[in-house]
Amino acid sequence: MSKPTASTSLETQAVHAGREVLHEQGIHAMPIDLSSTYPVQNLDEGGRSLEAMAMGGLPIGSPVYSRLYNPTVARYEQGLAQLEGAAECVAFGSGMAAVTACLMAAKQRGGHIVAVRPLYGGTDHLLASGMLGLEVSWAEADGIAAAIRPDTAMVIVETPANPTLAMVDLEDVVRQAGKVPVLVDNTFATPILQNPIKHGATLVLHSATKFLGGHGDVLAGLVATNNDWATELRKVRVITGNVLHPLAAYLLHRSLPTLPLRVRAQQDGAKIIAERLAKHPAVSAVHFPGLQGQDPKGLLGRQMKGPGSLMAFEVKGGFEAAAIVMAEVKLMTPAVSLGSVDTLIQHPAALTHRVVDAEAREHSGVSQSLMRLSVGLEGPEDLWADLEQALAKAMAGMAVGTSR
Ligand SMILES: *Cc1c(COP(=O)(O)O)cnc(C)c1O
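Within each chain, residues carry numbers counting from 1 in the order of the written sequence. Only residues with pLDDT of at least 70 get local features here, since the model is predicted, and only at 80 or more are side-chain atom pairs given and counted; chain-wide, interface and lining totals rely on the full set of residues. Side-chain measures were taken over the full set of non-hydrogen atoms in the model, leaving aside hydrogen atoms and water.

The name given to the protein in an unreviewed UniProt entry is Cystathionine gamma-synthase, and the organism recorded there is Geothrix oryzae. In its Cofactor (unreviewed entry) section, UniProt records this for the protein: "pyridoxal 5'-phosphate". UniProt positions are given in the numbering used here, feature names are shortened, and annotations may be inferred rather than shown by experiment. According to the UniProt record, the Sequence similarities (unreviewed entry) comment for the protein is "Belongs to the trans-sulfuration enzymes family."

1. Thoughts on unusual backbone geometry
The omega angle of the peptide bond from Arg 117 to Pro 118 is 0 degrees, so this bond is cis rather than trans. Mapped onto the fold, Pro 118 is located in the loop between β2 (112-116) and α6 (121-129). Of note, the bond from Asn 162 into Pro 163 is cis; its omega dihedral lies within 30 degrees of zero at 5 degrees. In this model, Ser 337 sits at a positive phi of 85 degrees, which is unusual for a non-glycine residue. Counting from the N terminus, the helices are the DSSP runs of H or I reaching at least four residues and the strands are the DSSP runs of E reaching at least two.

2. Overview of the packing of aromatic side chains
Two rings from Phe, Tyr or Trp (for Trp, the six-membered ring) form a pair when their centres sit within 6.5 Å of each other. Planes less than 30 degrees apart are called stacked, planes more than 60 degrees apart edge-to-face, and all others tilted. Counted under the stated rule, the structure contains zero aromatic pairs. In this scheme, Lys NZ or Arg CZ marks a charge over a ring once it lies within 6 Å of the ring centre and within 35 degrees of the ring normal. Seen from the ring of Tyr 120, Lys 210 lies directly overhead, with NZ or CZ sitting 5.1 Å from the centre.

3. Structural notes on the pattern of salt bridges
The term salt bridge refers to a side-chain nitrogen of Lys or Arg lying within 4 Å of a carboxyl oxygen of Asp or Glu. Counted by the stated rule, this structure contains 14 salt bridges. With its nearest N and O atoms 2.4 Å apart, the salt bridge here joins Arg 175 to Asp 172. Within this pair, Arg 175 and its partner Asp 172 are both found in helix α8 (residues 170-177), separated by three residues, close to a single helical turn. Buried means the residue's accessible area, taken with a 1.4 Å probe over protein chains only, is under 20% of the maximum for its type, while exposed means over 50%, and partly exposed covers the values in between. Classification of Arg 175 as exposed rests on a relative accessible area of 60%. Given the relative accessible area of 23%, Asp 172 is considered partly exposed. Salt bridges sharing partners connect three or more residues here, namely Glu 135, Arg 149 and Asp 151.

What follows is the structure, encoded as structure tokens:
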């Protein structure tokens, strides 16, 4: 197996990335390295290796201890870095652990962060909590330049954003940020549909719990970035212990070859559902980048290869009607999270974005009637039938409500 090059297709990279070293060793299926410690026979060499890793570097000789380095995790990191077109990738125990590590690393460079809402509810909560001692300026996507200060250490954006699918123009964000590094949460798009580093981003974050895991059984977070930032992030990881378990890394790596297929098949189903929702009498709005008129900046094609498989939609009848839909779906699972092989539906205002400041939440479009849908691999007709019967019950429920 020769090393994939930049011209190797995404599909081939997804199958082989991070596995080259195994081919060299004559191993076919991936092993799981569960050892928590590693023999240190040569004290001088082992000590220097430990010191290198404590400073965020890679082992020079023995990995010494699994919080410092784990081969299973490292192989997956290499694979993901390749798919994102990044020099390196650093894995953490969850998406929020990855966000926290980025902010802690940023804090070494300055105390101020510029963030654009909407963001994932947990990220918003962490930034607003002040827990990490950072000052945050909330900006609109076109007001980033004005919010930058001499001590700004990072600009944080999400596109498409959770949960409204709002998209920002990354090249414009990077231009406004100037010398300040831009972190892009790429969880919704996946490396298959969008590679922010190509557009000038410095850090690309994934909650690998979502599409990268893809089967609803792993919690993980990843940051794809350059060598300098990867070194700082590994240093934070060694110090704070926010590591990814090798079993989780194994499951993620096992899911990587099917990522392009899953993302595209789920996207195909989502296109059908979004178009039908847009015509349904119980639905007042559908937010999906693939619908006509929903990509005014022309980002599909230029920045994103497709609209993805997430959408948000609002029903007539407010929270009550949305609660009926959530209660009546039978094939879809009413649950938070996204990007799994099965379809999940959730209510952001009540669940994932409950902790976000109420005014800011409404301002960024997370209304009481908004639901977020993550389309899985089921037959689109079956999904539509399920949604249609739940929407019918919501309409009937609201009609009963008004006649009371
Ligand atoms: C889920 C999610 C996160 C947080 O990831 P966890 O793995 O749940 O900690 C961050 N950003 C986005 C966009 C997410 O959807």
